[in-house]
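Overview (structure and organization)
Listed below are the residues making up each chain.
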Amino acid sequence: MKVVQINLNHCADAQSMLEQSFREQQADVAIISEPYKQLDLPTWATDSSTKAAIWSCGKLPFQEAADTMKKGFVRPKIGGVYFYSCYVPPPPTWESEDFTSFINALTRDVEEHVPAAIAGDFYAWATDWGSKRNNGRGHILVEAMSLLDVILINVGDEPTSRLVSNGNDWKVTDEYTLSDHKLITWTVSTKRQLSQISRNQCHRGWKISVFETESFIKALDGTPTRLESVLPMVEEVMSRVTDACDVTMPRKGGKNNKKAAAYWWNNDIAALRKDCIQARRAETRGRKKKRPNIEELKEEHSRARLELVKAIKSSKRLCWTELVEEVDGDPWGETLQDRHGSPEKAGNSITNMPYYAAKDSGSTFSPEGRIPVPS
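Read on for a plain summary of the structure.

Rules behind the numbers
- Residues numbered from 1 in each chain as written.
- Predicted model: local features only at pLDDT ≥ 70, side-chain atom pairs only at ≥ 80, totals over all residues.
- Heavy atoms only, no water.
- Core = buried A, V, L, I, M, F, W, Y, C linked by side-chain atoms within 4.5 Å.
- Buried < 20%, exposed > 50% of the residue type's maximum accessible area, 1.4 Å probe, protein only.
- Helix = DSSP H or I, 4+ residues; strand = E, 2+ residues; numbered from the N terminus.
- Contact = heavy atoms within 4.5 Å.
- Salt bridge = Lys/Arg side-chain N within 4 Å of Asp/Glu carboxyl O.

**Concerning the nonpolar core**
Core analysis: the biggest nonpolar cluster contains 31 residues, and Trp55, Leu178 and Leu308 have the highest contact counts within it. Secondary-structure elements contributing two or more residues to this core are strand S1 (2–7), helix H1 (12–24), strand S2 (29–33), strand S4 (52–55), helix H7 (267–288) and helix H8 (294–328). Aside from chain neighbours lying at most four places away, what touches Leu178 is Cys11, Asp13, Ala14, Met17, Arg305, Leu308, Val309 and Ile312. Among the nonpolar cores identified, the runner-up in size contains 22 residues, and Cys86, Phe102, Ala124 and Leu148 belong to it.

**With respect to the pattern of salt bridges**
Scanning all chains against the criterion turns up 11 salt bridges. Of the charged contacts, one joins Asp221 and Arg281 as a salt bridge, the two residues approaching to 2.8 Å between their closest N and O atoms. With Asp221 in the loop between helix H5 (213–219) and helix H6 (230–248) and Arg281 in helix H7, this residue pair connects regions lying 60 residues apart in the sequence. Each member of the pair Asp221 and Arg281 is classed as buried. In this structure, the salt-bridge partner of Glu283 is Arg287, at a minimum N-O distance of 2.6 Å. You can see Glu283 and its partner Arg287 sitting in helix H7, four residues apart, about one turn around the helix. Residues joined in a network through salt bridges with shared partners are Asp174, Asp221, Glu236, Arg240, Arg280 and Arg281.

See the structure below:
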């Protein structure tokens, strides 16, 4: 199973962008800290503070009811694995005693639920995951996790730790998230899933019969790499080639192996996101090299970000207006059937807008009476 993870910092635009990111990443599970809003879905769960959330954003349901009564972590079972999404506020909101009590409760719960994947924001520093030094929380967390049958899969110099029983491919992506945190991806598998993966290797690749050189060149990120080591440089280039192939060609192995884009996503927004990535890279390089025009680079990045946010909100409003107009002319619900099939087949997709409003004699009609208003 592929997992995406991010701290949204209560940002509405960042949560919107996550809706598209997990589709592009082909993710099964999203582990979220500080979400902007809670989704009214059977595959979404939060802890009692609502700051630690898990969303089974693929096709997998919760196999057990998620424990949402704990403060600081939530635990559903997905695909045979107990996923823990954790969020611990920074000091002084939580002092050392609060953190210790939380870790004790977490470790006791993990001991009773295996296999487990633990992830989240702990505000803990430890050299084990790339910090320059250990702080009090880091010592407590490392000591507690050493008693569990888990391995640390963040072995780089990034500041956030991920602990799982069977996991790999941990990566901090360069995706533009509209949050002040980066998107992290990793995988976790049971033995059964690992054997299934090995049987499906032959389905990798793209349908080259639809390959167009011009489209591929436009989609390929040609920004010069700043990496000095050979292996990271090769990985970066292959990642860019893979992304370009995904944009311009369908994957082999079936019609439904790629998630549909978020309902508001379009080519203009994709281009604006690419502009934001380039502006952010220019600002980062300028800051590292202490260039004199750093303020100008910051302003360019801010302008690009603002244009992206405006485009997303405008597209949402337009899609909503078109939908209401279409349903106004279709009071018997054929629009719902044409776009999504029966409500039971709508699945987990909140962003494909499976709920509808009709202004027939001032009344509102929708499954279970719910109407999502784009934000």
